[in-house]
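# Examination of the molecular architecture
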Amino acid sequence: MCTLLIKNVPKVTVSEVERICFEKAAAGLNEEQKSKVRVGTADILAMLTTNEPNVEFTWALGADTFLDLASGKWRRTDEVFELVGHRMVVFKR
């Protein structure tokens, strides 16, 4: 769906990093164990920044999500901010 949505947007690509991150985390596990694997934003950002150390990522998110993140409702909140170098674009929804 995302690929279709942005197919005509120049310089924008859809990444499969979430799937790849999950596959790495679930490698060697049986189906029941895989069903319990959770890959979060910090995991994905860590993979992106490790794979592309010379890229300065900026994270785009909705204002409601940002407020939840900033108030510490997310697991690994501080790490998320650090991984994107505090570069975020927050949109009103």
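In case you missed it, the structure is sitting above this.
Report on the accompanying structure. The model shown is predicted, which means the values in this text are computed figures rather than measured ones.

Criteria and cut-off values
Residues numbered from 1 in each chain as written. Predicted model: local features only at pLDDT ≥ 70, side-chain atom pairs only at ≥ 80, totals over all residues. Heavy atoms only, no water. Buried < 20%, exposed > 50% of the residue type's maximum accessible area, 1.4 Å probe, protein only. Helix = DSSP H or I, 4+ residues; strand = E, 2+ residues; numbered from the N terminus. Contact = heavy atoms within 4.5 Å. Phe/Tyr/Trp six-rings, centres within 6.5 Å; stacked < 30°, edge-to-face > 60°. Core = buried A, V, L, I, M, F, W, Y, C linked by side-chain atoms within 4.5 Å. Salt bridge = Lys/Arg side-chain N within 4 Å of Asp/Glu carboxyl O. Arc of directions from axis to C-beta.

### Here we look at helix 4 (residues 41-51)
Of the residues making up helix 4, those classed as buried are A42, I44, L45 and M47. Looking at the buried positions of helix 4, the neighbouring elements they touch are helix 2 (17-26) and helix 6 (77-83).

### Quick look at the packing of aromatic side chains
Each aromatic ring pair is described using two quantities: the centre-to-centre distance and the angle formed by the ring planes. Enumeration over the complete set of coordinates arrives at two aromatic pairs. Seen from their ring centres, F66 and F81 are 6.3 Å apart, and the 90 degrees between their planes marks the pair as edge-to-face. With F66 in helix 5 (residues 63-70) and F81 in helix 6, the pair connects residues that are 15 residues apart, well separated along the chain.

### A closer look at the nonpolar core
Counting ten residues, the largest nonpolar core consists of A42, L45, W59, L61, L69, V80, F81, L83, V84 and M88. Breaking this core down by element, the ones donating at least two residues are helix 4, strand 1 (59-62) and helix 6. By residue number, the principal contributor to this core is helix 6, which donates three residues. With residues near it in sequence (within four places) discarded, L61 still touches F66, M88, V89, V90 and F91. Grouped together as the second largest cluster of nonpolar side chains are seven residues, V17, C21, I44 and M47 included.

### Description of the pattern of salt bridges
When the charged atoms of two side chains with opposite charge come close together, those side chains can pair. In the structure shown here, the tally under the stated rule is seven salt bridges. A salt bridge links K73 to D68; the nearest nitrogen and oxygen atoms lie 3.5 Å apart. Between R76 and E79 there is a salt bridge; the shortest N-O distance is 2.8 Å. Through salt bridges with shared partners, a single network forms among E16, R19 and E23.

### Focus on helix 2
Within helix 2, burial applies to V17, C21 and A26. The arc that holds the buried residues of helix 2, viewed along the axis, is 160 degrees, so those residues lie on one side. Here the buried face of helix 2 lies against helix 3 (31-34) and helix 4. Backbone geometry just after helix 2 places G28 at a positive phi near 80 degrees.

### Side note on the environment of G62
With respect to the element layout, G62 can be found in strand 1. Looking at G62, the relative accessible area reads 8%, which means it is buried. As for G62 and S15, which are separated by 47 residues in sequence, their C-alpha atoms are 19 Å apart. When near neighbours in sequence (up to four residues on either side) are disregarded, G62 contacts V90, F91 and R93.

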